[in-house]
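Residue-level listing of the chains:
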Amino acid sequence: MSPPSSPSARTVRAIQWAMAAMAVLFIGGIITWITHLIRTAWRLKDVPSASIGISLVAIPVFVTLLGVILYVFWGLLGDRGSPEGASAPPAARHGDRRPGESAWKP
Amino acid sequence: MALWGMVIDLDRCTGCQACVMACKAENNVPAVGAKEALRGRIISWMQVLTEGDEEHPGEKMRFLPRPCLQCDDPPCTKVCPVYATYRNPEGIVAQIYARCIGCRFCMAACPYNAKYFNWRLYQKDAPGQNPDVSVRPKGVVEKCTFCHHRLQKARERALAEKREMSPGEYVPACGEACPARAIIFGDLSDPGSEVSRLAKSPRAFRLQEELGTKPKVIYLTEGEGRG
Amino acid sequence: MAERAPDGDAILLAPIERTGPGFYWSVGALSLLILWGAMAYWTQFREGLGVTGLHQPVSWGFYVTNFVFFIGISHAGTLISAILRLSKAEWRRPVTRMAEVITVMVLFIGAGQILVDLGRPDRALNVLRYGRYQSPLLWDATSISAYLTASIVYLYIPMIPDIAILRDRLQKRKLLYTVLALGWTGSPRQQKVLNRAIAIMAVLVIPIAISVHSVVSFVFSMTLQPMWRSTIFGPYFVVGAIFSGIAALIVAMLVFRKAYGLERYLKPIHFRYLGQLLLVMSLLWFYFTFAEYLTAYYGNEPEEMHVFWAKFSGPFWPFFWGMALTNFVVPVLCLVRLRSHTLGKVLTASLSVSVGMWLERFIIVVPTLSNPRLPFGEGMYWPTWVEWGELAGSFALFALFYLLFTKLFPVISIWEIREGRELGLKEVEERLLSYLPDTSEPAVVETERR
């Protein structure tokens, strides 16, 4: 499917941005939905306290999840300016604590 | 604002099931067919429950006509996820077929098993049906509505004739059909109505009252020795 | 003992690099079951729920049982992965990935069961457009969405260093791995970000998981029905979920251990520890069940006793006693002594518990509906081929999702194993020393105190 050579950095970056955007849209969508349910219950005077009570817990949880996702995106992608780019092969560095990057000896 | 309720006198009920048949005819309740009936899927908005008499086993039966009890604190409306069933301001628990997603949570929640489900498409629009009542599609829940369409018709007629609707004009099909006059219907919020008077009778009881559902169908117990 | 084999951890990448005939046979077999399930559902979609065994008054049956069962299994991932991470249990390292994958895959299947159960699935979006938060089903929808999102995040973030290995080592699917690796180079800053994110998620995911199964139990306990209206349901369901989750995890681990030759990584010690956890959960489950039924029996309320006797000696007795046997007797007998024949005993116990927990859900859902308060005829529930097909198809779909995952990503966390080898010993030694009394000049300190 993909060519044996590394994919272009621009394509990769574009897809990663799209992933982050989708996360924002998805969780933003859920929060919008919860708010919509609160408004409907309020309008119909149908126990709005249930909706508000649940949203007081649910919305912060979703916001935190979004926060973690964006933090990881920012933290990892923001650091790729340093040593290696996305498609360069790993340098064998011993003695460093590097999960996933220890020297590969087949 | 009226509060529609019903009193059923168990002493007068003969178990003839005229109420059941009148309800089915009036509300386009489908006949599900013999095969489906054997599998336990009969739809019967008004149902006469029977119990063997304890003191005369095998000789006497006791009958309990059970429509939807139109609770004032309905357990079914609490659990509906989509506002397909709700209690309207006049006390009737409505059922919106177009909204229902068929999750059957209300059926599981009703302590009186007053809700029924269309397990298949049991009927389509056909001649001979009551044009005032919609025909339900498959996959939705239905139940007794105190013949709410009759209330709407009576109100519209009164409006057209520029007068107030009188209480006797609105009666559900079961109440109208009962030959023993065991079913009395009316406005519980009107202190002068017959239902209000009978609801305070020493013979009056509510089914499963301890559950706190506040049903608006009140039963009068059977004769002496049982009151 | 932590020395590396001559081929390094290459065997962990082997399923991704190569595909053998076993894979195709498995996919074929699973596809047949999925086809059966699809045919069953298509029949139901066309003709209505009448093709099932449901009726008045048993309007909930297999599908709701399956829903609770599959959502219950999803507790495998969190509790094992998150709690073991938080308690720094070193033996978790080869286990966490498999547990997290179970959670994500099975949540889709579990949520799908409710869609299958709807009389009008074409109106499923009504829940989004007109949802009522007073209804426990909406609590379910919210809670399961939160859990699914959190589980996917909690699966993905610890996978990133492994995806980087795939990116750098493999030739195929370069685009996929490069994109998903998020530019991972292993730099100190990236590691800090990753570890912090994992720590936050491990803490966040536990209350979400507990809320999920509590809320599923509230679907039953918020009604007025006999033997549903019980305050114990919330914790009872959570305990049952963790119980069934551990069992499912053990089965999955044993299957892939055999299929991918992972004997060096999934050692008897891991199964012994999981087996001990399973034993504890079995005893805990038994305690909750005993408390529940004793309370009902002692109160002797007539309507509750109808349901009680229906389970104990009535039409449902085979399922009730089968549940007691498979959830308590067999696991306890198998798991009390795990030093010998560990794998066999643990497998037997886990399979037994998987069946038993399904029976437990069935025993909760159906007998109450089958014994209504008012004098209806009692309705016995007989499932049809449609419901069996749906159950088989659901299992097979879950297995297929899982299998496809193992073809794309390593099923054991390579970097965590390496972290364990390179840093684990030292960390554990430091921690142990911090627990013990300090050894620097103790005599001087004691005399001075006196």
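Rules and cut-offs
Residues numbered from 1 in each chain as written. Chains lettered and ligands numbered in written order. Predicted model: local features only at pLDDT ≥ 70, side-chain atom pairs only at ≥ 80, totals over all residues. Heavy atoms only, no water. Helix = DSSP H or I, 4+ residues; strand = E, 2+ residues; numbered from the N terminus. Rg over C-alpha atoms; globule rule 2.2 N^0.38 Å. Buried < 20%, exposed > 50% of the residue type's maximum accessible area, 1.4 Å probe, protein only. Contact = heavy atoms within 4.5 Å. Buried area = accessible area lost by both parts, 1.4 Å probe. Salt bridge = Lys/Arg side-chain N within 4 Å of Asp/Glu carboxyl O. Polar contact = N/O pair within 3.5 Å; in protein donor to acceptor, adjacent residues only side chain to side chain. Pairing = 2+ DSSP bridges. Nonpolar A, V, L, I, M, F, W, Y, C, P; charged D, E, K, R; others polar. Patch = residues over 30% accessible without salt bridge, like charges linked within 9 Å, V, L, I, M, F, W, Y side chains within 5 Å. Areas by Shrake-Rupley, 256 points an atom, 1.4 Å probe, with all protein chains shown as cover. 1 Å grid on protein atoms, 1.4 Å probe; cavity = no way out; pocket = protein on both sides within 12 Å on 5 of 7 lines; lining within 4 Å. Points joined across faces, edges and corners; volume = space filled by probe spheres on them. Axes fitted to C-alpha atoms, helices over the stretch in contact; angles between N-to-C directions. Parallel < 35°, antiparallel > 145°, perpendicular 65-115°, else oblique. Left-handed = near helix turned anticlockwise from the far one by under 90°. pLDDT = per-residue confidence, 0-100. Phe/Tyr/Trp six-rings, centres within 6.5 Å; stacked < 30°, edge-to-face > 60°. Lys NZ or Arg CZ within 6 Å of the ring centre and 35° of its normal.

Check the secondary structure of chain C and you find 18 helices and zero strands. A compact globule built from 450 residues should have a C-alpha radius of gyration of about 22 Å, and chain C, at 24 Å, falls within 12% of that. Each of the three principal axes of chain C carries a C-alpha extent, and together these read 80 × 70 × 45 Å. Out of the 450 residues belonging to chain C, those deemed buried represent 61%.

Quick look at the interface of chain B and chain C now. The interface is formed by 46 residues belonging to chain B together with 43 residues belonging to chain C. Interface area, chain B with chain C, both sides summed: about 3800 Å², of which 56% is carbon and sulfur. Of all residues in chain B, Ile 101, Phe 105 and Trp 119 of chain B give up the largest surface area on contact with chain C, accounting jointly for 17% of the area buried on that side. Seen at the junction of chain B and chain C, the total is two salt bridges. The tally of links from chain B across to chain C stands at 28 residue pairs in polar contact (both at pLDDT 80 or more).

Residue and element names in this part refer to chain B. Read across the sheet, four strands follow the order β8-β1-β10-β9 without closing on themselves; strand pairing throughout is mixed. Each having just a single partner strand, β8 (183-187) and β9 (204-205) make up the two edges of the open sheet. Of the strand pairs in this sheet, strand β1 (residues 4-9) and β8 are connected by five bridges, and their pairing is antiparallel. Pairing of Trp 4 across the sheet is with Asp 187, part of β8.

Another point: the interface of chain A and chain C. Contacts between chain A and chain C engage 50 residues on the former and 61 residues on the latter. Note on chain A versus chain C: buried area summed over both sides is about 4900 Å², and carbon and sulfur give 66% of it. Counting across the chain A and chain C interface gives one salt bridge. Linking Arg 132 of chain C and Asp 46 of chain A is a salt bridge whose minimum nitrogen-to-oxygen distance equals 2.8 Å. Taken together, the elements giving at least two residues each to the side of chain A that touches chain C come down to α1 (9-44) and α2 (48-77) of chain A. Per-element accounting of the side of chain A that touches chain C gives the leading share, 17 residues, to α2 of chain A. For the side of chain A that touches chain C, the residue count by class is 33 nonpolar, nine polar and eight charged.

Before going further, it helps to spend a moment on the pairing of β1 of chain B. Residue and element names in this part refer to chain B. Burial analysis of β1 places six of its six residues in the buried class, the great majority of the element. Alignment of β1 against strand β10 (residues 217-220), held across four bridges, turns out to be parallel. Bridging across to β10, Val 7 finds its partner in Ile 218.

Trans peptide bonds make up most of the peptide bonds, and negative phi angles are found at most residues other than glycine. Across the junction of Gln 56 of chain C and Pro 57 of chain C, the peptide omega takes the value 0°, indicating a cis bond. Structurally, the position occupied by Pro 57 of chain C is in the loop between α2 (21-47) and α3 (62-73). A positive phi angle, close to 65°, is found at Gln 17 of chain B, a residue other than glycine. Among the structural elements, Gln 17 of chain B can be located in the loop between β1 and α1 (18-26). We classify Gln 17 of chain B as partly exposed; its relative accessible area is 37%. The phi torsion at Asn 113 of chain B lies on the positive side, around 50°, for a residue other than glycine.

All names here are of chain C. Together, Leu 32, Leu 33, Leu 35, Trp 36, Met 39, Trp 385 and Trp 388 make up a nonpolar patch on the protein surface, roughly 720 Å² of accessible area in all. Counting only elements with at least two residues in the nonpolar patch, the list comes to α2 and α16 (385-408). The residue Leu 35 is located in helix α2 in this model. Given a relative accessible area of 49%, Leu 35 falls into the partly exposed group.

For the structure on display, the rule yields 36 salt bridges over all chains. Between Asp 117 of chain C and Arg 104 of chain B there is a salt bridge; the shortest N-O distance is 2.6 Å. On the criterion of chain membership, the pair formed by Asp 117 of chain C in helix α5 (residues 96-117) and Arg 104 of chain B in the loop between β5 (93-95) and α4 (105-109) is interchain, its members lying in two chains. A relative accessible area of 3% places Asp 117 of chain C in the buried class. A salt bridge links Glu 169 of chain B to Arg 163 of chain B; the nearest nitrogen and oxygen atoms lie 2.7 Å apart. Taking the relative accessible area as the measure of exposure, Glu 169 of chain B reaches 26% and is therefore partly exposed. On the accessibility criterion, Arg 163 of chain B (33% relative accessible area) is partly exposed. The network of salt bridges with shared partners includes Glu 36, Arg 41 and Arg 120 of chain B together with Arg 46 and Glu 47 of chain C.

Put simply, the largest pocket is a space of about 1500 Å³. Surrounding the largest pocket, 48 residues form its lining, Phe 26 of chain A together with Phe 108, Leu 148, Thr 149 and Ile 152 of chain C being those nearest its centre. Those elements giving two or more residues to the lining of the largest pocket turn out to be α1 and α2 of chain A together with α5, α6 (126-129), α7 (136-156) and α16 of chain C. When residues of the lining of the largest pocket are assigned to their parent elements, the largest contribution, 11 residues, is made by α7 of chain C. Here the lining of the largest pocket is composed, by residue class, of 43 nonpolar, four polar and one charged.

With that settled, the discussion passes to the packing of helix α4 (residues 75-86) of chain C against helix α10 (residues 188-221) of chain C. Residue and element names in this part refer to chain C. Here α4 crosses α10 at 140°, and the two axes come no closer than 9 Å. With respect to α10, the element α4 is oriented oblique. As α4 packs across α10, the resulting crossing turns out to be left-handed. Of α10, the residues touching α4 (which contributes His 75, Thr 78, Leu 79, Ala 82, Ile 83, Arg 85 and Leu 86) are Ile 198, Ala 202, Val 203, Val 205, Ile 206, Ala 209, Ile 210, Val 212 and His 213. Looking at the contact of α4 with α10, its residues break down into 12 nonpolar, three polar and one charged.

On to the confidence of the model for chain C, then. Keep in mind that low pLDDT regions are not for reading the predicted coordinates in detail. For chain C, the mean per-residue pLDDT works out to 92, and 96% of the residues sit at or above 70. Two summary scores accompany this predicted model of the complex, namely pTM at 0.91 and ipTM at 0.92.

Secondary-structure assignment places His 149 of chain B in helix α5 (residues 148-160). Those residues in contact with His 149 of chain B that lie beyond four places of it in its chain are Glu 26, Asn 27, Asn 130, Asp 132 and Val 133 of chain B.

Glancing now at the packing of aromatic side chains. Tallied over the entire structure, the rule returns 52 aromatic pairs over all chains. Where Trp 4 of chain B meets Phe 185 of chain B, the ring centres are 5.9 Å apart and the plane angle is 5°; that geometry is what we call stacked. A residue pair is termed long-range when its members are at least 10 positions apart, and Trp 4 of chain B in strand β1 and Phe 185 of chain B in strand β8 qualify at 181 residues. Across the pair, exposure class does not vary: Trp 4 of chain B and Phe 185 of chain B are buried alike. Considering the side-chain rings of Phe 62 of chain C and Trp 388 of chain C, the 4.9 Å spacing of their centres and the 80° angle between planes classify their relative orientation as edge-to-face. One end of the pair, Phe 62 of chain C, is in helix α3; the other, Trp 388 of chain C, is in helix α16, with 326 residues separating them in the sequence. Judged by relative accessible area, which is 2%, Phe 62 of chain C ranks as buried. Put simply, the rings of Phe 105 of chain B together with Trp 60, Phe 220, Trp 228, Phe 233, Tyr 236, Phe 237, Tyr 287 and Phe 288 of chain C touch in pairs and so form one group of aromatic residues. For Arg 104 of chain B, the ring lying beneath its charged end belongs to Phe 117 of chain B, and the centroid distance is 5.3 Å.

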